[in-house]
2 protein chains.
Amino acid sequence: MSTDFVFTNVRPNGAAASDVVIRGGRIAEILPHGAQPAVAGLSVVDGESLLMLPGLVDAHTHLDKTLLGMPWYRNDVGLELIDLIENERLMKRELGIDPARQSAVQIERSVANGTCHIRTHVDIDTEYGLAGLQGVLASRERYRDIVDIEIVAFPQSGMLIRPGTVELMDRAMREGADVVGGLDPSGVDRDPKGHLDTVFAMAERYGKPVDIHLHEPDALGVFAIELIVERTRALGMADRVTVSHGFCLGMLADKPLARLAGMMADAGVHLMTKGGAASPRPPVLDLSEMGVRICSGSDGVRDTWQPFGNADMLDRAAIISQRNDFINDVHIELALDLCTYGGANTMALEDYGLEPGCTATFILVSAETRADAVASRPVRRAVYRNGIAVARNGALVAA
Amino acid sequence: MSTDFVFTNVRPNGAAASDVVIRGGRIAEILPHGAQPAVAGLSVVDGESLLMLPGLVDAHTHLDKTLLGMPWYRNDVGLELIDLIENERLMKRELGIDPARQSAVQIERSVANGTCHIRTHVDIDTEYGLAGLQGVLASRERYRDIVDIEIVAFPQSGMLIRPGTVELMDRAMREGADVVGGLDPSGVDRDPKGHLDTVFAMAERYGKPVDIHLHEPDALGVFAIELIVERTRALGMADRVTVSHGFCLGMLADKPLARLAGMMADAGVHLMTKGGAASPRPPVLDLSEMGVRICSGSDGVRDTWQPFGNADMLDRAAIISQRNDFINDVHIELALDLCTYGGANTMALEDYGLEPGCTATFILVSAETRADAVASRPVRRAVYRNGIAVARNGALVAA
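Worth saying up front: this structure is predicted, and the values here are computed from it rather than measured.

Rules of the game
Residues numbered from 1 in each chain as written. Chains lettered and ligands numbered in written order. Predicted model: local features only at pLDDT ≥ 70, side-chain atom pairs only at ≥ 80, totals over all residues. Helix = DSSP H or I, 4+ residues; strand = E, 2+ residues; numbered from the N terminus. Rg over C-alpha atoms; globule rule 2.2 N^0.38 Å. Buried ≥ 20, exposed ≤ 12 C-beta atoms within 10 Å, placed from the backbone. Contact = placed C-beta atoms within 7 Å. Least-squares fit on C-alpha atoms with pLDDT ≥ 70 in both. Core = buried A, V, L, I, M, F, W, Y, C linked by C-beta atoms within 7 Å. Arc of directions from axis to C-beta. Pairing = 2+ DSSP bridges. Axes fitted to C-alpha atoms, helices over the stretch in contact; angles between N-to-C directions. Left-handed = near helix turned anticlockwise from the far one by under 90°. Nonpolar A, V, L, I, M, F, W, Y, C, P; charged D, E, K, R; others polar. Domains from an automatic or database assignment. Expected span 1.5 Å × (residues − 1). Parallel < 35°, antiparallel > 145°, perpendicular 65-115°, else oblique. pLDDT = per-residue confidence, 0-100. Right-handed = clockwise from strand over helix to strand, strands pointing away.

**Let's talk about the overall build of chain A**
- For chain A, the count of helices and strands is 11 helices and 17 strands.
- A compact globule built from 399 residues should have a C-alpha radius of gyration of about 21 Å, and chain A, at 21 Å, falls within 12% of that.
- With 399 residues in all, chain A has 56% of them scored as buried.
- Contacts spanning at least 24 positions in sequence make up 74% of the contacts within chain A whose residues lie at least 6 apart.

**Here's the deal with the relation of the copies chain B and chain A**
- Each copy of the sequence occupies a distinct position, and chain B is placed on chain A by a rotation of 180° and an axial shift of 0.0 Å, giving an RMSD of 0.0 Å. In symmetry terms, the pair is related by a two-fold rotation axis.
- Of the residues that chain B buries at the interface, 100% are likewise interface residues in chain A, meaning the two copies contact each other through the same surface.

**Side note on the interface of chain B and chain A**
- Residue-level contacts link 26 residues of chain B with 26 residues of chain A.
- Mapped by element, the contributors of at least two residues to the side of chain B that touches chain A are helix H9 (313-323) and helix H11 (370-376) of chain B.

**Here's the deal with the nonpolar core**
- If you look at the biggest cluster of nonpolar residues, it comprises 113 residues, and the most contacted ones within it are Leu 133, Ala 153, Ala 317 and Val 374 of chain A.
- Broken down by element, the residue count for this core peaks at 7 residues, all from helix H10 (residues 329-346) of chain A.
- Judged by nonpolar contacts, the second largest core, of 111 residues, contains Trp 305 of chain A together with Ile 118, Leu 133 and Leu 287 of chain B.

**Points about helix H4 (residues 165-174) of chain B**
Residue and element names in this part refer to chain B.
- Listing the buried residues of H4 in full gives Thr 165, Leu 168, Met 169, Ala 172 and Met 173. Down the axis of H4, the smallest arc covering the buried residues is 145°, so these residues share one side. Away from its buried face, by an angle of more than 90 degrees, H4 presents the exposed residues Glu 167 and Arg 174.
- If you follow the buried residues of H4, they end up packed against helix H3 (131-142), strand E8 (148-154), strand E9 (179-183) and helix H5 (192-206).
- Positive backbone phi, approximately 130°, marks Gly 176, located one or two places after H4.

**Topic: the sheet that holds strand E7 (residues 115-123) of chain B**
- Within the open sheet, the 8 strands sit side by side as E6-E7-E8-E9-E10-E11-E12-E13 (chain B). Their pairing is parallel. The open sheet has two free edges, formed respectively by strand E6 (56-61) and strand E13 (294-295) of chain B, since each of these has just one partner strand.

**Thoughts on the packing of helix H5 (residues 192-206) of chain A against helix H6 (residues 218-234) of chain A**
Residue and element names in this part refer to chain A.
- Running from amino to carboxyl end, H5 crosses H6 at an angle of 35°, the nearest separation of the two axes being 11 Å. With respect to the hand of their crossing, H5 and H6 are arranged in right-handed fashion. Taking contact as the criterion, the partners of Pro 192, Lys 193, Leu 196 and Phe 200 in H5 are, on H6, Phe 223, Ala 224, Leu 227, Ile 228 and Arg 231.
- Tallied by class, residues from the contact of H5 with H6 come to 7 nonpolar, no polar and 2 charged.

**Section: the domain arrangement of chain A**
All names here are of chain A.
- The domains assigned to chain A are domain 1 (5-54 + 353-396) and domain 2 (56-346).
- Among the elements of the structure, strand E5 (51-54), helix H11 (370-376), strand E15 (380-385), strand E16 (388-392) and strand E17 (395-396) are those that each provide at least two residues to the side of domain 1 that touches domain 2.
- It is H11 that provides the largest number of residues to the side of domain 1 that touches domain 2, a total of 5 residues.
- Grouping the amino acids of the side of domain 1 that touches domain 2 by side-chain chemistry returns 12 nonpolar, 4 polar and 4 charged.

**Some words on unusual backbone geometry**
Residue and element names in this part refer to chain A.
- In this structure, Arg 302 is a non-glycine residue whose phi angle is positive, near 40°.
- Residues other than glycine seldom take positive phi values, yet Ala 348 does so here, at roughly 55°.
- Considering the arrangement of structural elements, one finds Ala 348 in the loop between H10 and strand E14 (362-365).
- Assessed through the 11 C-beta atoms surrounding it within 10 Å, Ala 348 is described here as exposed.

**Section: helix H7 (residues 254-267) of chain B**
Residues and elements named next belong to chain B.
- For H7, with 14 residues, the first-to-last C-alpha span of 20 Å sits near the 20 Å given by 1.5 Å per residue.
- Turning to H7, its buried residues number three or more, namely Leu 257, Leu 260, Ala 261, Met 264 and Ala 267. Viewed end-on, H7 has its buried residues packed into an arc of 135°, placing them on one side of the element. Opposite the packed face of H7, turned more than 90 degrees from it, sit the exposed residues Asp 254 and Lys 255.
- Where the residues of H7 are buried, they touch helix H6 (218-234), strand E12 (269-272) and helix H8 (284-289).
- Backbone geometry just after H7 places Gly 268 at a positive phi near 75°.

**Observations concerning the pairing of strand E2 (residues 18-23) of chain A**
Residues and elements named next belong to chain A.
- The element E2 is extensively covered by neighbouring structure, given that 5 of its 6 residues are classed as buried.
- Counting the residues that bridge the hairpin from strand E1 (residues 5-12) to E2 gives 5 residues, and of these Asn 13 lies at a positive phi of roughly 50°.
- Of the pairings in the sheet, the one linking E2 to strand E3 (residues 26-32) comprises 6 bridges and is antiparallel in character. Its bridge partner lying in E3, Arg 23 is registered against Arg 26.
- Once E2 ends, the chain turns through 2 residues before running back antiparallel as E3, passing Gly 24 with a positive phi of about 55°.

**A word on the packing of helix H9 (residues 313-323) of chain A against H10 of chain A**
All names here are of chain A.
- The interhelical angle for the contact between H9 and H10, taken along N-to-C directions, is 135°, at an axis separation of 8 Å. Comparing their axes, H10 and H9 come out oblique. In this structure, H9 meets H10 at a crossing whose hand is right-handed. For the pair H9 and H10, contact is made by Met 313, Arg 316, Ala 317, Ile 320 and Ser 321 and by His 331, Ile 332, Ala 335, Leu 336, Leu 338 and Cys 339, respectively.
- When its residues are assigned to classes, the contact of H9 with H10 shows 8 nonpolar, 2 polar and 1 charged.

**Here we look at the confidence of the model for chain A**
- Across chain A, the average pLDDT comes to 95, with 98% of residues at or above 70.
- Of the two predicted TM-score estimates for the complex, the pTM is 0.95 and the ipTM is 0.92.

**Some words on the environment of Arg 259 of chain B**
Residue and element names in this part refer to chain B.
- Looking at the secondary structure, you find Arg 259 in helix H7.
- C-beta crowding within 10 Å serves as the criterion here: with 13 such atoms nearby, Arg 259 is assigned to the partly exposed category.
- Spatially, the C-alpha atoms of Arg 259 and Met 290 are 9.6 Å apart, while their sequence positions differ by 31 residues.

**Some thoughts on the pairing of strand E10 (residues 210-214) of chain A**
Residues and elements named next belong to chain A.
- Among the 5 residues that make up E10, 5 are buried, leaving the element largely enclosed by the rest of the structure.
- Neither face of E10 is exposed, since Val 210, Ile 212 and Leu 214 on one face and Asp 211 and His 213 on the opposite face are all buried.
- Across 4 bridges, the pairing between strand E9 (residues 179-183) and E10 is parallel. What sits directly across from Val 180, in E10, is Val 210.
- Across 5 bridges, the pairing between E10 and strand E11 (residues 241-245) is parallel. Bridge assignment links Asp 211 to a residue of E11, and that residue is Thr 242.
- For the crossover that starts at E10, traverses H6 and ends in the parallel E11, the hand is right-handed.

**Section: the sheet that holds strand E6 (residues 56-61) of chain A**
All names here are of chain A.
- With respect to topology, 8 strands assemble into an open sheet ordered E6-E7-E8-E9-E10-E11-E12-E13, the strand pairing being parallel. In the strand order of this sheet, the two ends are held by E6 and strand E13 (294-295), each with one partner.
- Pairing of E6 with strand E7 (residues 115-123) involves 4 bridges; the strand directions are parallel. Within E7, the residue paired with Leu 56 across the bridge is Thr 115.
- Packing against the sheet, H6 makes contact with E10, E11 and strand E12 (269-272), and its axis sits at approximately 165° to E11.

Printed below as a string of structure tokens:
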């Protein structure tokens, strides 16, 4: 299909029926529906009054180790973080979790669900070296025409406590990783200053952003965020640093929360929250009102940690909504924002959105409103990337 | 179709491949698959190695006021319980929420999703009288061949504080309600003793069970449960009393929790938890281990309170699992138990299950294990009630 055409009778972000002119893979113009009956020389696609949303953004997942499509894994692992980490490292070999094959399965599922941009953490450790990175790099190349993938080099098994890991992280950054990852500077690595200095030094060396998994509770987590904020400021890395999970933000009284949120907002330290499970969750509405930039992601989708997840960011918006007691439409719309504009902001995507000049990367669903799209999670009628249909009715368009 | 046949090659509750002999709408025998090649005179249905689960039980919903199938309702209601109650009463008229029509929509959705037994609360108040009851009674009659429906007379707007409501409740019990409902004896009705004495006296008068919505927090909720336990004991109503929601059980330290759970277990006061949202949730695993009998339900499915819910009890088991941090298979199986055996226990269903002698009421899904059924929530390949197929592939079988 030509990338120049007119989508008639669609509702961008729930606005009135519009005709969206696509030229050269971008949104050229948005006109009231029918205002200009013939746009010279352009083919017309009937949008059937569908709701148009910008392409979904999964800003935190783990493509390299999903079990999607593999036999059921019976989970009887211990419930401590370290149990899950150790078990996973063992199971990668035992179950034969191939990063290229498995990332491909999740990518196809994600795109069919309307995800157009993915930030994936990829395990880097002394046992598997860069195997995860190489597998995901292969999938990124394979699917380059249908999805954007950003890779975080992630020391899942610890960094300083496992000698050799820093060097591997360094190699990962040279061999194609886009973001420097980190993990529980105190809880796992036992050296918050050492861990964060190493992560930020690497980020500075390669001119890359930072994204740190932070499960640490209470004052320990607050301390880690303070250290992250200090380094973000010192290195002028506003909007290039993300705290993922940040469960401690869900454990604070109002005043300490406002203080910490203010620091994050001011320093440009973003938050990724999946809104999931029983762990205290960062209060999305409060944090958003305090100016913290927030995104979301699938996190692990059916892996050795837990069997849930379906790589559907509309489902994620529903989970965030329910976890935050969102019932008003404006709040559910905020949850959807995390899974679209929020992720785009954290990943610094250029020309993202549904305005003239933006790339023509969007989805179409049968829903009355944006909140309805979250509550109903209808099948994705079409997914367009740069003006080209990549999925229809929940299945990829054949290459 | 005759109700006498053999389902070959199915896996009851995940057991080895079996042949299930159905006679007269009941499970007559369960044989190892292929052990007895010809069961004389019976037709054979190929079970394709599908997982067989007992019919799902939705032990707490509100059929009379779902908005399913109606235009999107934009929610900007206040967030206090009383705001939601008042708004709903207003909207019933404004939006034209017809109890017969709306309950039919949800019933069809529920059965297509494999729910074979429903306990529904039906609003009884001085503004709409018994209109909700009459509408749901009509739907119960209309769908009597495909689903069991038990009706709770529920004073949603308060009982003692709205004179005339007790009389309406009484009429509801005479006109077809099966269970006496109640609501926040202190928080809404401002008179815990008066409220509960009235509810239990009515239950005694009609020989019916009790099911009380209890949103009250902390010590107030604990006090209400104590009063409920006292009355359950005094009237010998073990296993005929349910506390719905019981959020206070999610707010207690270990010792007071154990004390209260022990009282509930001992008195036979059941708990209904939906595992939802941000409100503190009763800890399902702890309570179960302390002997409390627990069931679950959809609660409101897309109503004026909130737009979520899909009347799918496998989805509910996933929500309970995620809300309780269940990742081990045995725990996810417990969540599924709440949505099957737990609900059957609370509703005192006779001959429920997949043993010889049980009614042949079950579902078939393509899933490897019971936990897989919860994690994947596959389309219901078939739903049988009393040996007759009532739904296939997510749609009702035409009458």
